[in-house]
Amino acid sequence: MKDNVSRFRVLAIAFGCLLAFSISARGAEIPVFCGGKGPVTTIKGALRLLNPIVPNTLIINGTCTENVVINGFNRLTLKGKTGATINDASGGNAIVVFIGDSTDVALEGFAINGGTIGIFCSRFSVCRFDGNTVQGASVAGIQFVQSRGTLDTNTIQRNGNGLVVLESSSVRTFGGSVIQNNQNDGVGVDTGGSFASFGDSIRDNGGSGIGLNHGFALLLGTSVTRNSGNGLTVLAHSSVDFESADVVTNNGASGIFLRDLSYVEFRGPSTVTGNSSGLDVACFPQFPATRGALTNTGGGITNCTEP
């Protein structure tokens, strides 16, 4: 038995040496078996093996209970096998996955649970998220600060806020994402951020479906429904471009509420009807403006005036 244990240790050391040499030379694809047996059993441990300036892929298996920091990587992909999970290990006091100062980091196929923020993309990073479920974070499911990113078929649910886009960050979706049942806003866009949504569903959130303050949003084929507040709240010199085929209905206040030098344009036909305040597109002081609210909202009720 002792000989077998010693032989296993020697093989593990040899594997580690060969792996380190291979990684440093040309990048790597490394399997990670969280909570299991194998040379690499944590994401943190796998990241320490990588040369961050070359492309790398981690294939994640099982349930990882850890708070992950990805800093200074170029072209890193984390792929979750079926059932792969990253759980907060801080008792709700830390970010679950932190990405900073990194170019083209992708997370694919995970359930990410808890923490203050589920995924935080910051410090001029480029982040791509596909097929993830992000839930149970106290502040935000996914938050961008001074960064860019894409979302593809993610579910962001039961967080404080769903998706938050701040400080000149830019986020684009490719359709099929669901942002639902968050305590406050489904999407928050502030301080020069921009959000382009193509074919997503933003529904059943406790605040506004989308809230903008000094922000910009573009919607095409997106539905914003059954949120407790306004469908969209557009404040403080914000603007929204409804391309066409958007649906804003059955929200608890106005469909679209705008004021404070904000502007909303309906470029093509959408449906903005059946919202609870009695105004589907609501213009209030100081100096809001719309274009197409009288013709491209499918008969929605508005107090906005247009030349």
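Structure first, text after, so check above.
## Considerations on the pattern of salt bridges
Move 1: Overall, the coordinates contain 5 salt bridges when judged by the stated rule.
Move 2: In this structure, R267 and D241 form a salt bridge, with 2.7 Å as the shortest nitrogen-oxygen distance. One end of the pair, R267, is in the loop between β28 (263–266) and β29 (271–273); the other, D241, is in strand β25 (residues 239–242), with 26 residues separating them in the sequence.
Move 3: Of the charged contacts, one joins R267 and E243 as a salt bridge, the two residues approaching to 3.5 Å between their closest N and O atoms. Taken together, the positions of R267 in the loop between β28 and β29 and E243 in the loop between β25 and β26 (247–249) put the pair 24 residues apart, joining distant regions of the chain.
Move 4: One salt-bridge network, held together by shared partners, links D241, E243 and R267.

## Quick look at the nonpolar core
Considering soluble globular proteins, one finds that nonpolar side chains tend to be buried as a cluster.
Move 1: By size, the foremost hydrophobic cluster in this structure holds 62 residues, and its most contacted members are L58, I70, L107, L163 and I256.
Move 2: Top element by residues in this core is strand β1 (residues 28–34). It accounts for 4 residues.
Move 3: In this structure, L58 is in contact with I30, V32, I43, A46, L47, L50, T77, L78 and K79, ignoring residues within four places of it in sequence.
Move 4: Core analysis: the second largest hydrophobic core is formed by 7 residues, I117, A140, V145 and V164 among them.

Cut-off values and rules
Residues numbered from 1 in each chain as written. Predicted model: local features only at pLDDT ≥ 70, side-chain atom pairs only at ≥ 80, totals over all residues. Heavy atoms only, no water. Salt bridge = Lys/Arg side-chain N within 4 Å of Asp/Glu carboxyl O. Helix = DSSP H or I, 4+ residues; strand = E, 2+ residues; numbered from the N terminus. Core = buried A, V, L, I, M, F, W, Y, C linked by side-chain atoms within 4.5 Å. Buried < 20%, exposed > 50% of the residue type's maximum accessible area, 1.4 Å probe, protein only. Contact = heavy atoms within 4.5 Å.

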